[in-house]
Amino acid sequence: MVAGQSSREPRSVAQSQPRVGASAQSPRQSAGHSSGQSSERGPGPSAGSSEGGPHQSSDHSSGHSAAPSPGHSPDQKPGNSPGNGSGHDSGRSSGQAPARDRRRQATAWREARALAARAGRGAAPRTQRLPLDRTLGHVLAEPLAALTDLPSFDTSAMDGWVVAGPGPWVLGKGEGGSGELGILAGHSTPVPLPDGDGVRIATGARIPANATAVIRSEHAHVDEAKGLLYAQRQVVPGQDIRPRGQECRSGDQLLPAGTLVTPAVLGLSAAAGYDELVTVPRPRVDVLVLGDELLTAGLPHDGLIRDALGPMIGPWLRALGAEVSAPRRLGDDAEALQHALTTSDADLVITTGGTAAGPVDHVHPVLAKIGAGLLVDGVAVRPGHPMLLARLPSGGPYLVGLPGNPLAAVSGLLTLAEPLLRGLGGRAPEEPYRVVVRDEVHGHPHDTRLVPVVHRIRSTEGAGSGAGTGVVHVVPLHYNGPAMLRGIAAADGLAVVPPGGVRSGTEVEILDLPWASATPWTEGCFT
């Protein structure tokens with residue numbers, strides 16, 4: 001779900017686009033600020049859960065990592081950790097800004113999220129007209145209005161007999177006697193039905209003029225010798241007849257703009273008379289993977305680690321409704337990064353890693369060199385603090401710079417990329433929702449925490465009956481350090497934990513993962 005905006009409306013997008021300094025040393029660097037080199041250590045680990053296992057909370061999250069490096073124990077508590085040991089920037093950043101400066105410069109989590117959403121909604125609207133069979137997964141660019149009454153004529157809701165007046169009814173000669181087909185769907189308008197007559201009729205067939213009701217086959221008896229039809233139940237005028245316009249009248253709005261085209265929407269559109277739909281083009285995204293230390297195959301060796309983000313980011317963005325190019329691996333090459341940014345024709349560029357201020361962290365210097373405007377430069381969230389959102393010059397694409405640590409990158413996707421893509425793709429923001437968390441979750445002293453959780457249903461006995469009713473709650477998962485994917489791989493959402501943490505039994509806001517099953521969740525789905 002998309003988090004609701006804070007009560008204090010964030011600055012407009014236009015007001016939030018200072019240019020990155022043109023010099024190699026940006027103002028944030030000259031002030032001693034380094035969003036990627038801060039140790040994002042919370043006051044303690046999250047509470048245990050049924051999933052079991054330790055976790056890690058330090059966040060040198062500009063580097064890439066798939067797992068803790070050799071020699072670093074996953075059981076090591078954050079307060080005792082000498083460093084992340086798994087991100088590629090842990091040894092290349094110089095200096096560390098005071099925590100007070102970092103907090104002052106970082107954008108509040110809700111403000112950053114709301115600003116990204118508004119940036120997406122503020123983009124120039126685009127539309128495309130597609131044949132109906134190509135619109136699945138797109139978003140309606142305009143309301144879907146009925147082009148005809150539904151149904152467009154009075155139809156039979158059941159197989160049976162259509163009758164006029166009181167019974168018993170004389171079966172029409174050649175129309176409804178034993179072995180006759182009667183009135184069928186798809187045929188021309190039947191002749192008016194005389195009072196006292198009955199005719200066999202099929203589901204969906206047009207109701208003849210003067211008809212009173214339809215009697216289901218199982219609710220009637222035919223005396224073939226007399227040629228009479230008898231009802232075995234009371235016949236109510238209008239029963240089992242779908243009157244013209246029962247579902248909608250021509251011109252009625254069926255669905256609003258921003259609706260995702262699902263298989264059901266395809267069916268409704270076809271029934272309402274559409275051969276094609278006006279939709280919003282899917283946002284186009286380029287993914288740039290940065291870092292010389294990344295392997296695409298095999299086991300880590302000689303200081304090299306597997307790239308966990310390249311395989312993950314594309315499918316994640318597609319689940320958010322984007323069209324994504326194959327990831328481009330640029331290494332730590334400032335010129336290659338500049339060329340990729342200035343030649344991209346995408347709507348959004350995603351970079352992974354390189355958002356800190358180390359000697360080979362090139363994202364900020366390159367943005368400064370090309371004159372990009374920064375909307376968000378660091379977010380008060382753990383993991384993922386050094387994420388950023390920028391707009392490239394001359395109406396170029398947006399850029400979301402993700403930290404290199406995997407869970408920190410997920411935090412950046414949900415904080416900045418997801419609301420931005422919703423706006424670019426014409427989707428309305430989802431309403432936030434809250435669920436009780438089962439265990440105590442420690443928080444950061446000043447920043448929001450995003451903690452992987454899984455939904456569970458707890459059975460409670462009904463008073464005096466022994467029956468159980470499901471009560472949904474969430475369980476925080478272990479392995480939720482910034483360099484870890486084990487927790488998020490088992491999760492169906494992330495809990496938004498405010499500064500200071502929450503006690504067991506407290507309601508927390510939930511960010512759903514794009515592939516999470518809809519409520520109600522069933523016990524055992526994610527075990």
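Overview of the structure. Since we're looking at a predicted model, the values are computed, not measured.

With respect to the environment of Ala157
Position of Ala157 among the secondary structure elements: in the loop between β5 (155-156) and β6 (160-163). In this structure Ala157 comes out as partly exposed when scored by relative accessible area, which is 28%. Once the C-alpha coordinates of Ala157 and Thr203 are considered, the two residues, 46 residues apart in sequence, prove to be 5.4 Å apart.

Some thoughts on the nonpolar core
Among the nonpolar cores identified, the biggest contains 48 residues, and Val285, Ile313, Leu317, Ile350, Leu389 and Leu420 are the most heavily contacted of them. Examining the composition of this core, we find that ten residues originate from one element, helix α8 (residues 406-424), more than from any other. Beyond its immediate stretch of four places on either side in the chain, Val285 contacts Leu317, Ala322, Glu323, Val324, Ser325, Ala346, Leu348, Ile350 and Leu421. Judged by nonpolar contacts, the second largest core, of 17 residues, contains Leu290, Ala340, Leu367 and Ala390.

Focus: the side chain of Thr107
Locating Thr107 in the fold gives a position in strand β1 (residues 107-108). The exposure class assigned to Thr107 is buried, which follows from its relative accessible area of 9%.

So, the layout of surface pockets
Looking at the second largest pocket, its volume works out to about 430 Å³. If you go around the second largest pocket, you meet 24 residues; those closest to its centre are Ala123, Ala124, Pro125, Arg126 and Leu424. When contributions to the lining of the second largest pocket are tallied by element, the ones reaching two or more residues are α3 (109-121) and α8. When the residues that make up the lining of the second largest pocket are grouped by side-chain class, the tally is twelve nonpolar, seven polar and five charged.

Description of the sheet that holds strand β2 (residues 128-131)
If you trace the three strands from one edge of the open sheet to the other, you get β2-β14-β3, paired in antiparallel fashion. In this open sheet, the two edge strands, each paired with only one partner strand, are β2 and β3 (139-140). In this structure, β2 lies alongside strand β14 (residues 276-280), joined through four bridges in antiparallel fashion. By the bridge assignment for β14, Arg129 is matched with Val278.

Cut-offs used in this document
- Along each chain, the written sequence defines residue order, and numbers are assigned to residues from 1.
- Note on the predicted model: pLDDT of at least 70 is required for a residue's local features to be given, and 80 or more for side-chain atom pairs to be given and counted; whole-chain, interface and lining totals, by contrast, use all residues.
- No hydrogens and no water enter the side-chain calculation; it runs on all heavy atoms of the structure.
- Numbering of helices and strands runs from the N terminus; a helix is a DSSP stretch of H or I covering at least four residues, while a strand is a stretch of E covering at least two.
- Buried, partly exposed and exposed residues are distinguished by accessible area as a fraction of the type maximum, computed with a 1.4 Å probe on protein chains only: under 20%, between the cut-offs, and over 50%, respectively.
- Here, nonpolar core means buried Ala, Val, Leu, Ile, Met, Phe, Trp, Tyr and Cys residues that are tied together by side-chain atoms lying within 4.5 Å of each other.
- In this analysis, two residues are considered to be in contact whenever any of their non-hydrogen atoms come within 4.5 Å of each other.
- Cavities and pockets were defined on a 1 Å grid built from protein atoms only: a cavity is a group of points that admits a 1.4 Å probe but offers it no way out, a pocket is an open group of points flanked by protein on both sides within 12 Å along at least five of seven lines, and a lining residue is one with an atom within 4 Å of any such point.
- Grid points are joined across faces, edges and corners, and a volume is the space filled by probe spheres set on the points.
- Each residue gets one of three labels, nonpolar for Ala, Val, Leu, Ile, Met, Phe, Trp, Tyr, Cys and Pro, charged for Asp, Glu, Lys and Arg, and polar for the others, Gly among them.
- Any two strands with at least two DSSP bridges between them are considered paired.

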